[in-house]
Amino acid sequence: MTDTLTPVLSDNWDADKPWTRASYERSGGYEALKQALGMQPDELIQLVKDSGLRGRGGAGFPTGMKWGFIPQDNPKPKYLVVNADESEPGTCKDIPLMLASPHTLLEGVIISSYAIRAHTAFIYVRGEVLHVIRRLHAAVREAYDAGHLGKDIHGSGYDLDVVVHAGAGAYICGEETALLDSLEGRRGQPRLRPPFPAVAGLYASPTVINNVESIASVPSIVRNGAAWFASMGTERSKGMTLYSLSGHVTNPGQFEAPLGITLRELLKLAGGVRDGHRLKFWTPGGSSTPILTDEHLDVPLDYEGVGKAGSMLGTKALQIFDETVCVVRATLRWTEFYKHESCGKCTPCREGTWWLVQVLARLEKGEGSPEDLDTLLDQCDNILGRSFCALADGAASPIMSSLQYFRDEYLAHLEVGGCPFDPVASTVFATAGASA
Amino acid sequence: MTLDATTYAELREIAGRYPQPRSGLLPMLHLVQSVEGRVTAEGIEACAEILELSAADVSGVATFYTMYKRRAVGDYHVGVCTNTLCAVMGGDVIFERLKEHLGIGNDETTEDGAITLEHIECNAACDYAPVMTVNWEFMDNMDPSSATQLVDDLRAGKEVRSTRGPRICTWREAERVIAGFPDDLVDEGPAAGAPSLVGLKIAREQGWKAPEGDK
């Protein structure tokens, strides 16, 4: 029986200066790199396939399979790009990982690049996290000094350069093809697929793009074996992962557990919903995943379980909202976010998110009509699945799911001619008597 | 202000980090901001010249991303997260209080050039809500009174430290680091705040571990 929490990625976060190479190596760091360099690249791809690791950035695509799609007979250079543009509302796992232990990611980058036969790798980190950028730069510098990067790494004949690349503020760049355009020095706008990045990615060359947590999981798989990784989790969702609890819980934070833990178990560990309040709604994996309610406390938080409950595991960003929060206000704010972040390339998203805000803002002020609720659903229907990327699909998620579970609350705004909630009641300082 | 030879050399150095120079454009624009305090027409021309692009191409990129500013930014860019979770936890109240306290609106700068206030989107620190940033360093678990104290301290020139990072540098210095020219502050600040460690702490107390490896 596996323990309730299984810290692997977070295991050294309480060590002394874990962001330094010396500290990381004291906890076994870079041993997996030496093992990996003694293996054939294809063996590593098979190992990651056998482990069952699936992408931790939201989509859950099998990582080893992604690597296997790289056409090795293509004469162009191969690239590894790490998606460190963590921006999905609620998602806050990659930033603490890179702040505390950037070498965990970097060791994963080197092993993964070796596996796909890339000689240049990029870490695309969002620009708004200054100290994380510092720690990544320092880790890369230390890795070069130790011979973990550069020419003929540890006498293997393998060369690798890593570039830390900071973005400039655009949620859409977390979408992998928009990220590639941005990394090419362009506006971050998604590309039509096919061709997929594995065939024509960065500079139209074969490219693997993986999330930080996915790549950071690779050294532990090399060190401990595929069966070890697969011994954690559920039948089709293997391994340990970082669950991020935020919002109205007593002790919010990061919980590294095998896939399949439930919100009920996680809430117990986090000390429950804040004192004197009860769970109203939550996101399982960021704002783009349909909200769930207190009916869903026992849903296994793995790819299949959350899917069966009508949502998506996403980034395992569990945002917890208690009964003081107006679901219409929450949904409007998320919708304003999607409107702001729409890159403007596809008409249904660019125009649709604008109209969604218009209708929702009117409803939130209690000025709409009951027909507006059907108009909203009709708009969602015209946006969902009609753009190059999933941003617009994400915009529809909170609206469709909140209407599914809380239609009466929308109508209550119309009945009282405004929002029936006190916005101060939901704040962390509500009990302290502070207000604007 | 004119861009000097050192800046031109550094812009070229950035372009040289990449297999294709245009990939350097985003960090190059960050460097322009660190020198000029915003993205200037001259900075756009310089990037265009080095990358052999039109100024219109560079402008098109510069206007797409929210971190690039057309108007001069103060010494301290103060961000308040008003995405849903931070907003309901107190971000909206904090932002209103700061606008009133500083007498400025969103994306505006105080007359003394000290503070530029902006409401920001989710900055990946939700377990520390309500979250603020100063020059893109985290200021965690804020409330209206700590927020007003923070901006008062910044305006008074007092040393301010990030709750999960080092002492706060100026916005221009921060932009230089983002452009890929690190300073010497990497070892300041903790590895993690308490929420990042909450699960790990429970695991230690309970003796919970990942299984032993199979090789």
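What you see as residue numbers is a count from 1 along each chain, following the sequence as written. Chains carry letters from A onward and ligands carry numbers from 1 onward, assigned in written order. In view of the model being predicted, local features appear only for residues whose pLDDT reaches at least 70, and side-chain atom pairs are presented and counted only at 80 or more, with totals across whole chains, interfaces and linings using the full set of residues.

1. A look at the packing of helix 14 (residues 347-364) of chain A against helix 16 (residues 391-416) of chain A
Residues and elements named next belong to chain A. Axis lines are fitted to C-alpha atoms, over the contacting stretch for helices. Their N-to-C directions set the angle, which ranges from 0 to 180 degrees. What counts as a helix is a DSSP run of H or I of at least four residues, what counts as a strand is a run of E of at least two, and both are numbered from the N terminus. Remark: helix 14 packs on helix 16, axes separated minimally by 12 Å, with the N-to-C direction vectors making an angle of 15 degrees. With respect to each other, helix 14 and helix 16 are oriented roughly parallel. Relative to helix 16, the crossing made by helix 14 is left-handed. Listed contacts from helix 16 to Pro348, Cys349, Gly352, Thr353, Leu356, Leu363 and Glu364 of helix 14 are Leu391, Ala392, Ala395, Ile399, Tyr410 and His413. A breakdown of the residues in the contact of helix 14 with helix 16 according to their chemical character gives nine nonpolar, three polar and one charged. These descriptions rest on fixed angle ranges, namely under 35 degrees for roughly parallel, over 145 for roughly antiparallel, 65 to 115 for roughly perpendicular, and the rest for oblique. Two helices crossing with the near one rotated counterclockwise from the far one by less than a right angle form a left-handed crossing, whereas a clockwise rotation gives a right-handed crossing. For every residue pair, C-beta atoms are placed from the backbone, and the pair is scored as a contact if these atoms sit within 7 Å. Residue classes follow a fixed rule: Ala, Val, Leu, Ile, Met, Phe, Trp, Tyr, Cys and Pro count as nonpolar, while Asp, Glu, Lys and Arg count as charged, and any other residue, Gly among them, counts as polar.

2. Let's talk about the interface of chain A and chain B
Chain A puts 88 residues into the contact, and the matching count from chain B is 76 residues. For the side of chain A that touches chain B, the residue count by class is 44 nonpolar, 31 polar and 13 charged.

3. Regarding the sheet that holds strand 5 (residues 240-247) of chain A
Residue and element names in this part refer to chain A. If you trace the five strands from one edge of the open sheet to the other, you get 6-5-9-7-8, paired in mixed fashion. Looking along the sheet, the strands with just one partner apiece sit at the ends: strand 6 (253-258) and strand 8 (292-293). Strand pairing is assigned whenever DSSP detects at least two bridges linking the two strands. Looking at chain direction, strand 5 and strand 9 (residues 317-322) are connected through four bridges and run parallel. When the bridges of strand 9 are listed, Gly247 appears paired with Ile320.

4. Comments concerning the domain arrangement of chain B
Domain boundaries assigned for chain B yield domain 1 (5-62) and domain 2 (76-170). Computed from C-alpha atoms alone, the centre-to-centre distance between domain 1 of chain B and domain 2 of chain B is 29 Å. The start and end points of each domain follow an automatic or database-based domain assignment.

5. Focus: the domain arrangement of chain A
Residue and element names in this part refer to chain A. Entries for chain A in the domain assignment read domain 1 (21-230), domain 2 (240-322) and domain 3 (327-423). Look at where the C-alpha atoms of domain 1 and domain 2 centre, and you get two points 27 Å apart. Contact with domain 1, which involves 13 residues of that partner, is made by 16 residues of domain 2. Grouping the amino acids of the side of domain 1 that touches domain 2 by side-chain chemistry returns three nonpolar, five polar and five charged.

6. Details of the packing of helix 14 of chain A against helix 15 (residues 371-383) of chain A
Geometry of a packed helix pair, given as the angle between the helix axes and the separation of the axes. Residue and element names in this part refer to chain A. The contact between helix 14 and helix 15 brings their axes to 10 Å, and the two run at 165 degrees. In terms of orientation, helix 14 lies roughly antiparallel with respect to helix 15. Of the two elements, helix 14 crosses helix 15, and the hand of that crossing is left-handed. Contact residues: helix 14 offers Pro348, Cys349, Gly352, Trp355, Leu356, Val359, Arg362 and Leu363, while helix 15 offers Asp372, Thr375, Leu376, Gln379, Asn382 and Ile383.

7. Side note on helix 7 (residues 130-145) of chain A
All names here are of chain A. The terminal C-alpha atoms of helix 7, which comprises 16 residues, lie 23 Å apart, in line with the 22 Å expected from a rise of 1.5 Å per residue. Three classes are used. A residue is buried when 20 or more other C-beta atoms lie within 10 Å of its own, exposed when 12 or fewer do, and partly exposed in between, with C-beta atoms placed from the backbone. Most of helix 7 sits out of view: 13 of its 16 residues are buried. Of the residues flanking the end of helix 7, it is Gly147, one or two places downstream, whose phi is positive at about 80 degrees. Multiply 1.5 Å by the residue count of a helix minus one, and that product is the helix's expected span.

8. Some points on the environment of Arg141(A)
Residue and element names in this part refer to chain A. Position of Arg141 among the secondary structure elements: in helix 7. Among the residues examined, Arg141 registers 15 C-beta atoms within 10 Å and is labelled partly exposed. Taking the C-alpha atoms as reference points, Arg141 and Val162, separated by 21 residues in sequence, lie 9.7 Å from one another.

9. Here's the deal with the sheet that holds strand 3 (residues 161-166) of chain A
All names here are of chain A. Strand order across the open sheet formed by four strands is 3-2-1-4, with parallel pairing between neighbours. Strands with a single pairing partner mark the edges of an open sheet, and in this sheet they are strand 3 and strand 4 (207-211). The sheet shows a mean angle of 20 degrees between the axes of neighbouring strands, direction not considered. Running at roughly 95 degrees to strand 4, helix 9 (residues 212-224) makes contact with strand 1 (79-84) and strand 4 of the sheet.

10. Here we look at the environment of Thr116(B)
Residues and elements named next belong to chain B. Tracing the sequence through the fold places Thr116 in strand 3 (residues 115-120). Thr116 sits 39 residues away from His77 along the chain, and the two C-alpha atoms are 4.8 Å apart. With sequence-adjacent residues up to four places away left out, Thr116 is seen in contact with Val73, Gly74, His77, Val78 and Thr109.

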